[in-house]
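# Observations on the model geometry
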Amino acid sequence: MKLAVTLTTPEVPRAVPVALFAGSFPERLAKAAQWGYAGVELMVRDPTELDAGAIGRAIREAGLQVAAIGTGAQFLVDGLTLVSADAGAEQKAFERFCALADFAAAVGAPLVTIGSFRGRLGQAGEGARQRLIARLRDCAEYAGRRGLRVALEPLNRYEADFIHTAAEGMALVEEIAHPAFGLLLDTFHMNIEEASVRRAVHTAAPRLWHVHLGDSNRLPPGKGHFAFGRMLRALVEVGYDRFLSAELLARPDPDTAGIQTALAMRRLMRRYAGGERGAS
Ligand code: LER
Ligand code: MN
């Protein structure tokens, strides 16, 4: 397992609450590498405003990998969601997904994640469920053709009205029935929705492609009461060997949260997961 940290790309206009480290983009990359992260998850708003070549180069030069491209800024900054009451906005959101997937391929990211970017069925009018399923399949198809994967994230009941648990996520994976479509589990959401952390990991295991880290209160691991040891043991049991990506509140400040997370996770990974694997 490898540790990653969520960073915003330079075009994201204001601080996203779950992006860590302060400073310019190169400074944040340098801090991530210095504190032992192997990768970064990029929270991108509009990739057409970015030079993918330069971003990819800066990440490689810092000795980091791109763990994933996150879509949270679409919703947080632009209010764009894959399903919406406004057909024009739905189309724009899908076009944004395609641009994000192109960006992911250009910077060497293996996957694009979908959390709040999916939208709320209850606010998207008649036929919302079927439209969202079709859109997610289109996303998997678009990403799959570029050698990428799409990881849908079960979210807690306060942030989403569709797919809260690993079991619901796996039922959706079956329904979408596309090899490029799988899941991302976020410990913060799991703490609210899952009856058993271990069972959730085992349920998602065949399509578990990414993990987000945040304690029960969305602070760095160890600052709340989520059982990270249990989570890591379950991940070891199912042979998970991908990224654990810190996506948590930048409190008391973005640097402290990034450092506390690195120190706590490196300790936990040594104890429960036989250490970390480097950036190789
Ligand atoms: C939102 O709470 C979250 O966890 C993000 O990964 C989804 O956009
Ligand atoms: Mn998350």
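Okay, so let's go over this structure.

Procedures and definitions
Residues numbered from 1 in each chain as written. Chains lettered and ligands numbered in written order. Predicted model: local features only at pLDDT ≥ 70, side-chain atom pairs only at ≥ 80, totals over all residues. Heavy atoms only, no water. Axes fitted to C-alpha atoms, helices over the stretch in contact; angles between N-to-C directions. Helix = DSSP H or I, 4+ residues; strand = E, 2+ residues; numbered from the N terminus. Parallel < 35°, antiparallel > 145°, perpendicular 65-115°, else oblique. Left-handed = near helix turned anticlockwise from the far one by under 90°. Contact = heavy atoms within 4.5 Å. Nonpolar A, V, L, I, M, F, W, Y, C, P; charged D, E, K, R; others polar. Donors = N, O, S within 2.8 Å, 3.2 Å for Na, K, Ca; no water. Tetrahedral: all angles 85-135°; square planar, octahedral: opposite > 155°, others 65-115°. Buried < 20%, exposed > 50% of the residue type's maximum accessible area, 1.4 Å probe, protein only. Arc of directions from axis to C-beta. Polar contact = N/O pair within 3.5 Å; in protein donor to acceptor, adjacent residues only side chain to side chain. Pairing = 2+ DSSP bridges. Right-handed = clockwise from strand over helix to strand, strands pointing away. Phe/Tyr/Trp six-rings, centres within 6.5 Å; stacked < 30°, edge-to-face > 60°. Lys NZ or Arg CZ within 6 Å of the ring centre and 35° of its normal. Near = heavy atom within 4 Å. Areas by Shrake-Rupley, 256 points an atom, 1.4 Å probe, with all protein chains shown as cover.

Right, let's get into the packing of helix α2 (residues 52-61) against helix α4 (residues 87-107). With their axes 9 Å apart at the nearest point, α2 and α4 run at an angle of 45° to one another. For the element pair α2 / α4, the angle class is oblique. Crossing handedness for the pair α2 and α4: right-handed. Residues Ala 52, Ile 55 and Gly 56 of α2 lie in contact with α4, whose contacting residues are Phe 103, Ala 106 and Val 107. Taken together, the residues that form the contact of α2 with α4 break down as five nonpolar, one polar and no charged.

The manganese ion (ligand 2) binds to the protein through Glu 153 (OE), Asp 186 (OD), His 212 (ND1) and Glu 247 (OE); the donor distances cover 2.0 to 2.3 Å. Taken together, the six donor atoms coordinating the manganese ion (ligand 2) span angles of 70 to 176° at the metal, a pattern that classifies the geometry as octahedral. All donor residues of the manganese ion (ligand 2) come from one chain, and their arrangement in sequence is E-x32-D-x25-H-x34-E. Residue Asp 186 is located in strand β6 (residues 181-186), and its partner His 212 is located in strand β7 (residues 208-213); the two are separated by 26 residues in the primary sequence.

The set of residues buried in helix α8 (residues 197-204) consists of Val 197, Ala 200, Val 201 and Ala 204. Each buried residue of α8 sits inside an arc of 95° when the element is viewed along its axis, so together they form one side. Lining the buried residues of α8 we find α6 (166-176), β6, α7 (187-193), β7 and α9 (228-237). Where α8 starts, the residue carrying a side-chain oxygen 3.4 Å from the main-chain nitrogen of Arg 198 turns out to be Ser 196.

So, on to α2. Taken together, the buried positions of α2 are Ala 52, Ile 55, Gly 56 and Ile 59. Buried residues of α2, viewed axially, fall in a sector of 95°; they line one side. Among the structural elements, α1 (25-34), β2 (39-43), β3 (65-70) and α4 are those in contact with the buried residues of α2. The N-cap of α2, judged by a side-chain oxygen 3.1 Å from the amide nitrogen of Gly 53 a few residues on, is Asp 51. Remark: Gly 63 follows α2 within two positions and exhibits a positive phi of approximately 80°.

Here the focus is the pairing of β3. With five of six residues buried, β3 lies mostly within the body of the structure. The sheet contact formed by β2 and β3 spans five bridges and is parallel. Its bridge partner lying in β3, Leu 42 is registered against Ile 69. Handedness of the β-α-β unit built from β2, α2 and β3 comes out right-handed.

Moving on: the packing of aromatic side chains. If you walk through the whole model with that rule in mind, you get two aromatic pairs. Consider the rings of Phe 21 and Tyr 37, whose centres lie 5.9 Å apart with planes at 85°: the pair is edge-to-face. Residue Phe 21 is found in the loop between β1 (2-8) and α1, and its partner Tyr 37 is found in the loop between α1 and β2; the two are separated by 16 residues along the sequence. On the basis of relative accessibility, which here comes to 5%, the residue Phe 21 falls in the buried class. Taking relative accessible area as the criterion, Tyr 37 reaches 4% and is therefore assigned buried. The lysine or arginine in question, Arg 146, covers the ring of Tyr 142, its NZ or CZ lying 3.5 Å from the ring centre. Here the guanidinium or amino end of Arg 149 rests over the ring plane of Trp 209, the centre of that ring lying 5.1 Å away.

Right, let's get into the site of ligand 1. Within the structure, ligand 1 sits among Gly 72, Gly 115, Ser 116, Glu 153, Leu 155, Glu 159, Asp 186, His 189, His 212, Arg 218 and Glu 247. His 189 is positioned with one of its side-chain polar atoms (N or O) 2.8 Å from an oxygen atom of ligand 1. For ligand 1, an oxygen atom lies 2.6 Å from a polar atom in the side chain of Glu 247. In the complex, 91% of the free accessible area of ligand 1, which totals 250 Å², lies under the protein chains. Grouping the amino acids of the shell around ligand 1 by side-chain chemistry returns one nonpolar, five polar and five charged.

Limitation: the analysis is restricted to geometry and does not speak to function.
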